[in-house]
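Residue-level listing of the chains:
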Amino acid sequence: MLRSLSLVKILRNCSLQSIRYFESSTQSSSFSPESSANPIPQQLPLIVSRQLEYPHTRYPPLQAWLETLGQKRDDKLGIVDLHPSIWQTSPRLDILYENIEWQKTYKKIDWAYTPPHHEYPSMRGKPWPQKGTGRARHKSKFDPQWKGGYKVHGPKGPTSFFYVLPKEKRVEGLCTALTVKLHQNDVHFVDSLDLPTHQPTYLQELAEDRFWGPSVLFVDDTDIMPHNIMFASAKTEGFTLMPVYGLNVYSILKHTTLVLTIRALNKIEKKLLHALHSCDNPKDQPAPPDEP
Amino acid sequence: MPIERGLQYLRQMQRVTLKNLPMPLEKTLKWQQAHPDETKIKAIMSRKGPISRSALPPYGIDPIQAEGRLPWILTVPKEPYYEGVEEARQYLPISLRTLQRLIDLRRINPEKPIDLPVLCNTKLFSIQPDQRQFGLQLTDEGADLFSTPINLEIQWVASELAIAAIERCGGVLTTRYFDPISLSALIDAKKFFERGEPIPRCDTPPINAVESYTDPKQRGYLANPDSIREERQRLAQKYGYKLPDPSKFSSLFRLKKDPRQIFYGLEPGWLVNLKDQTILKPTDAKFQTFYHS
């Protein structure tokens, strides 16, 4: 992505209107997905600009390349606009840490249980008389100093570590994770997850040629994925498919590269921007805008 | 712009992974003090131990390692105001008033140069070289009374007024250093000669004293005589008296000792025989070079 970033910087200085001149038949705001087996159309670029909600007052939109998985050769189909509120936030690593801690511990239940004094068998009965035998004096066989005796202040029952991180922190965490990935050249935007073959070697070689790391996270908007990519990623170690509602900070940082489709990008931006720019209480909030 | 700088760092540094994230800020000291550990509270609230018995050692000492006592390095006291006491030099005071009195009572002859053995023979001062005493110092008590010209050789001068008082009457003052071995010879000269040792040669002063013995303001014996003459004139102008004519001085006033010489008229290396009333001088070249160096 190094090559692409420098070009992106150059293009950022150019005005968008000069690029729009070369626009193809597609409309400016929406984009029609390709079918699985068709080759790349002759007229390029396919996407040039996207309309962004809640435009940022200070920063202009970021830009990134649009690529394909339909062919092995790394042809760029166009340029995608990204919202700076999500893709150019301050890299707060401590918020990432908090999100990951939350993701690990909110599901945690500690099942350790040591029965206390009253749940032990009979407490009556001296093991041996007080005097006469040469042994120490004892009252019961299950005192704490005995082997197999009860523990006085031990763990009691299942303890849960559930807590809900505030919504602002979770939203901020997702935004910083995405910025971190983008600015370290680990995000790639793809028109769709359609592959020509179901062979896993095709996808593996494609990822190797393009220097996508050992683990790749493919994100689409729905949870019904095309068959080819499903088969290929099931057979390779490190490739995971994920719908947008499953996107989380842990997965983003665990996988080295992140591959988003345009539809997923639209959905993510819509949801995050809606969350960033709403100040309702959790009780008064209306239903979320989209169904997962 | 902080965001831009942060993103610049992101681009240059390693990939952010699950293992690369920094420690949370909650483990700072401030947070720990607000959220104390349970075991720590139990230790503090225990019914035994130095905390409950108000017997904690001073700050910085572990109560467990100390085993109930102070460490050795704290039991020995420190007295920093006595620093450097082993190297400090002492000088017994002699005032201008006592000098004038001795001259008036004819215990000291002002026409001869006044030296340390001359003053010690009056038996008014008991100088002990092993107690780090290096001679006599001149104080300015009785500066108005002083009125005799003398050639004085003293070990230390504290005030300019004393020098001015002597020079106003037409006297000469020099500060001279004697090391402890030559001091013991000077204090009781007769006893020294009875011992039968050759006269020692005087050592150079220590490093922290060289500055004062080369200072013309102190009239040091190692100072430049031209600068001493300048300082005499300066002092005369400052205190408002006129320096008397130097040609009127008798020849005795111009007597000065060599830096290695202790006694007037006797050279280092000579052996004085009181019984036979003779002086033995070394003839060997190496002794002569040593004592004359």
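Since we're looking at a predicted model, the values are computed, not measured. (Residues numbered from 1 in each chain as written. Chains lettered and ligands numbered in written order. Predicted model: local features only at pLDDT ≥ 70, side-chain atom pairs only at ≥ 80, totals over all residues. Heavy atoms only, no water.)

1. With respect to the interface of chain B and chain A
Moving on, step 1. The partner chain A presents 19 residues to the 16 residues of chain B that form the contact.
Moving on, step 2. Counting the surface chain B buries against chain A, the share from its top three residues, Leu10(B), Arg15(B) and Leu18(B), is 32%.
Moving on, step 3. Counting every contact that joins chain B to chain A gives one salt bridge.
Moving on, step 4. Between Asp186(A) and Arg15(B) there is a salt bridge; the shortest N-O distance is 2.9 Å.
Moving on, step 5. Linking chain B with chain A are four residue pairs in polar contact (both at pLDDT 80 or more), by the criterion used here. (Contact = heavy atoms within 4.5 Å. Buried area = accessible area lost by both parts, 1.4 Å probe. Salt bridge = Lys/Arg side-chain N within 4 Å of Asp/Glu carboxyl O. Polar contact = N/O pair within 3.5 Å; in protein donor to acceptor, adjacent residues only side chain to side chain.)

2. Structural notes on the packing of aromatic side chains
Moving on, step 1. What the rule picks out here adds up to 16 aromatic pairs over all chains.
Moving on, step 2. The interplanar angle of 65° and the centroid separation of 6.3 Å between the aromatic rings of Tyr106(A) and Phe162(A) together place this pair among those described as edge-to-face. Of this pair, Tyr106(A) sits in the loop between helix H4 (93–105) and strand E3 (109–110) while Phe162(A) sits in the loop between strand E4 (159–160) and helix H5 (167–183), placing them 56 residues apart in sequence.
Moving on, step 3. Tyr106(A) sits in the partly exposed class, given a relative accessible area of 29%.
Moving on, step 4. What links up through ring pairs into an aromatic cluster is the set Tyr91(B), Phe134(B), Trp156(B), Tyr177(B), Tyr213(B) and Tyr221(B).
Moving on, step 5. Here the guanidinium or amino end of Arg201(B) rests over the ring plane of Phe290(B), the centre of that ring lying 4.2 Å away.
Moving on, step 6. Against the face of Tyr264(B) rests Lys257(B), its NZ or CZ located 5.0 Å from the ring centre. (Phe/Tyr/Trp six-rings, centres within 6.5 Å; stacked < 30°, edge-to-face > 60°. Helix = DSSP H or I, 4+ residues; strand = E, 2+ residues; numbered from the N terminus. Buried < 20%, exposed > 50% of the residue type's maximum accessible area, 1.4 Å probe, protein only. Lys NZ or Arg CZ within 6 Å of the ring centre and 35° of its normal.)

3. Concerning the sheet that holds strand E1 (residues 90–95) of chain B
All names here are of chain B.
Moving on, step 1. Spatially, E1-E2-E4 is the arrangement adopted by the three strands of the open sheet, whose pairing is parallel. Looking along the sheet, the strands with just one partner apiece sit at the ends: E1 and strand E4 (156–157).
Moving on, step 2. Of the pairings in the sheet, the one linking E1 to strand E2 (residues 133–139) comprises five bridges and is parallel in character. Across the sheet, Ser95 pairs through a bridge with Thr139, a residue of E2.
Moving on, step 3. Sitting on the sheet, helix H6 (residues 96–104) touches E1 and E2, and the angle it makes with E1 is about 55°. (Pairing = 2+ DSSP bridges. Axes fitted to C-alpha atoms, helices over the stretch in contact; angles between N-to-C directions.)

4. Section: a nonpolar patch on the surface
All names here are of chain B.
Moving on, step 1. A cluster of nonpolar residues, Ile41, Ile44, Met45, Ile51 and Leu56, forms a patch on the protein surface that exposes about 490 Å² of accessible area.
Moving on, step 2. Turning to its location among the elements, Leu56 is positioned in the loop between helix H3 (38–44) and helix H4 (63–66).
Moving on, step 3. On the basis of relative accessibility, which here comes to 52%, the residue Leu56 falls in the exposed class. (Patch = residues over 30% accessible without salt bridge, like charges linked within 9 Å, V, L, I, M, F, W, Y side chains within 5 Å. Areas by Shrake-Rupley, 256 points an atom, 1.4 Å probe, with all protein chains shown as cover.)

5. Structural notes on unusual backbone geometry
Residue and element names in this part refer to chain B.
Moving on, step 1. The phi torsion at Lys123 lies on the positive side, around 60°, for a residue other than glycine.
Moving on, step 2. Inspection of the secondary structure assignment puts Lys123 in the loop between helix H7 (116–121) and E2.
Moving on, step 3. Backbone geometry at Arg219 places phi at a positive 55°, although glycine is not the residue there.
Moving on, step 4. As for its position among the elements, Arg219 is in the loop between helix H11 (207–213) and helix H12 (225–239).
Moving on, step 5. Residue class for Arg219 comes out buried when judged on its relative accessible area of 1%.

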